[in-house]
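# Notes for the structure review
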Amino acid sequence: MAKLEGGLAARLAIAVSFGFGILRLSVARDVGFGDSEALYACYALHPQPAYLDHPGLIGRLALWLGHGTAPTPTQAHVFTSVAATALPWLGALAAWATGASWSRACRVVLALALVPEFSIGLFGLTPDLPLAFFWIGGLAFAALALRAEQHSWTALLTSVGAGACAGAACLSKASGAFLALTLFAFSLTRAMRPRWRTVAPWAATALAAILVAPVLIWEARRGWPMLVHRIIAQAGGKLWARNLAVLVFGQLLYVTPPFLVGAYFLLRDLWRRNRDPTDQLLWLITIVPALPLVALSVWSRSVEPHWIAPAYLGLAIHVARTDAISARWSAAALAAGTAVVLAVFAWIQTPLPMRLLGNRYDARQDITNDLLAWGPGRSLLKQAVEDTAFETSQTPVVIGPHWTICAQAHAALASFGSRIPVGCNDNNQRDDFDDWLPRPAWRQNPTILFVTDSRFATTPSFPDRHVRRISEAAIYRHEKAVRVLRIIQLDISKSAAL
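Since we're looking at a predicted model, the values are computed, not measured.

## Things to note about the side chain of Gln489
- Relative to the assigned elements, Gln489 resides in strand β5 (residues 480-492).
- Gln489 gets classed as buried once you look at its relative accessible area, which sits at 1%.
- At 3.4 Å, the side chain of Gln489 and the side chain of Asp491 are in polar contact.
- The residues touching Gln489, leaving out its near neighbours within four places in the chain, are Thr388, Thr392, Thr447, Ile448, Leu449, His466, Val467, Arg468 and Arg469.

Next up, the structure:
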């Protein structure tokens, strides 16, 4: 990337964006929601400032995509396909805002388009998608404010833009707070301190605070449930070695070794030239989030490698400003990123996993099957609900054994315009369904439809109920059964009713 000059970088950037955009749109027609995506789609059915896992902006986005209800998978993935294709070009604009020429800024497009963490990960309707946009937007506005005369309208407007992005990043995901912290820390550097004598940083700070206030008030009134659920309840204890291994292996897989080596070269270059204010901004926007996010990843039992993704965004912008990466590593990174992205799309769309692994293929462990199972599952659940309502003349409740099943069922029913209540019977952890439909409420319903699949226990334990009907459907992927969906109708027993 560092050696691509002039029109070559622009032509490659356009070709990669066009090609990957077509790939994403082709997949968007065929796949359903992943488990986490289904939960975020359900947020649209229960608008609130924050949830157990994330602030509420992703729910508002889902509500907008679904035109007032949960979006369908196709609606969500067409949007994310376009957004994930556009994000690298926003990165190029941010690089231009730091003073890079447009031809060099096109290198950023290649970096962001080919790192699997962004190219693949942002296809999903998750909080990471708006977070990435606001993170890069905040960086771009801060860079423009830095280059503007401190008493000018440009400085005021771009500072307010940075504050708005910082607030919106906090509304996207809790880690967005590190963008706000970085921009505040940058405003205290020697180059920026005099600007506190103007209205610009005060206005930016006030706007960010106004945007975040509803979430903070919501959390404070309820005893900080998101903080407790995501950090305190997930404390890893003696699992730090395992968590560290997951984090390191995840970076090798999600970012790829050539890109990681390139990230090291970029970080070292920023450290060596850390005198220019723009370099200081890029250094801070990498280090300030990286250190606590790595610590949280090692601390938490639910560590996920993509948590530290925001720390890479500043380094991606720096690609346009330096030749620190050799031509060899640039070529290796481009090749590795292209190969991984194409391999993942092939894994989803072709029989590659079955043919590659043969008898060792374990459908339960392949999370891409979740993208396919609830196509047939939607119809099976809809039919079961209609049959039950017709026979009993009552509205059943739908229950699952884990939030992943509950979320898929809730989103599936919403796609038909149904408002059938959905709850969860996971005794191992608290989830959002405990607030949306508390257990005492659904346990009183005369008829329960218990939805599960072959990953979970097939026989629910409800001593006060008897099984009236079991419906099931095997989900095939390239002639191999990868899931079996079961819907068990549980009616309250006569003795319990008495």
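## Notes on the packing of aromatic side chains
- Inspection of every chain in the model, using the stated rule, returns 11 aromatic pairs.
- Note on Tyr51 and Trp436: the rings are 6.2 Å apart at their centroids and 80° apart in plane angle, and the pair reads as edge-to-face. In this pair, Tyr51 sits in the loop between α2 (35-43) and α3 (57-65) while Trp436 sits in helix α20 (residues 433-436), placing the two residues 385 residues apart along the sequence.
- Ring centres of Phe433 and Trp436 lie 5.0 Å apart, and the angle between their planes is 70°; this geometry places the pair in the edge-to-face category. One end of the pair is Phe433 and the other is Trp436, both in helix α20 and three residues apart, which spans about a single turn.
- Phe433 gets classed as buried once you look at its relative accessible area, which sits at 0%.
- Its end group placed over the ring of Phe416, Lys382 keeps NZ or CZ at 5.4 Å from the ring centre.

## Notes on unusual backbone geometry
- Even without a glycine there, the phi angle at Thr256 is positive, about 85°.
- Among the secondary structure elements, Thr256 is positioned in the loop between α12 (240-254) and α13 (257-272).
- Residue classification places Thr256 among the buried residues on the basis of a relative accessible area of 3%.
- Despite not being glycine, Ser393 shows a phi value in the positive range, around 60°.
- Turning to its location among the elements, Ser393 is positioned in the loop between α18 (370-392) and β1 (397-400).

## What about the sheet that holds β1?
- Reading across from one edge, β2-β1-β3-β5-β4 is the order of the five strands in this open sheet, with mixed pairing throughout. Edge strands, defined here as strands with exactly one partner in the open sheet, are β2 (422-424) and β4 (465-477). Averaged over all pairs of adjacent strands, the angle between strand axes in this sheet comes to 25°, irrespective of strand direction.
- Strand direction decides the pairing type here: β1 and strand β3 (residues 447-453), joined by three bridges, are parallel.

About the thresholds
- All residue numbers refer to position in the chain's written sequence, counted from 1.
- The predicted origin of the model limits local features to residues at a pLDDT of at least 70 and limits the giving and counting of side-chain atom pairs to 80 or more, whereas totals for whole chains, interfaces and linings rest on all residues.
- With hydrogens and water stripped out, all remaining heavy atoms of the structure feed into the side-chain values.
- By definition, any uninterrupted DSSP run of H or I lasting at least four residues is a helix, any uninterrupted run of E lasting at least two residues is a strand, and each is numbered from the N terminus.
- Accessible area is worked out with a 1.4 Å probe on protein chains only. A residue is then buried under 20% of its type maximum, exposed over 50%, and partly exposed in between.
- Two N or O atoms form a polar contact when they lie within 3.5 Å of each other; inside protein one atom must be a possible hydrogen donor and the other a possible acceptor, and for residues adjacent in sequence the pair counts only when both atoms belong to side chains.
- Here a residue-residue contact requires only that any non-hydrogen atoms of the pair lie within 4.5 Å.
- By convention, a stacked pair of Phe, Tyr or Trp rings (six-membered ring in the case of Trp) has centres within 6.5 Å and planes under 30 degrees apart, an edge-to-face pair has planes over 60 apart, and any other such pair is tilted.
- Put simply, a charge is over a ring when the Lys NZ or the Arg CZ is close to the ring centre, within 6 Å, and near the line of the ring normal, within 35 degrees.
- When DSSP locates at least two bridges between a pair of strands, those strands are taken to pair.
- To define axes, lines are fitted to C-alpha atoms, for helices over the stretch in contact only, and angles between the resulting N-to-C directions are given on a 0 to 180 degree scale.

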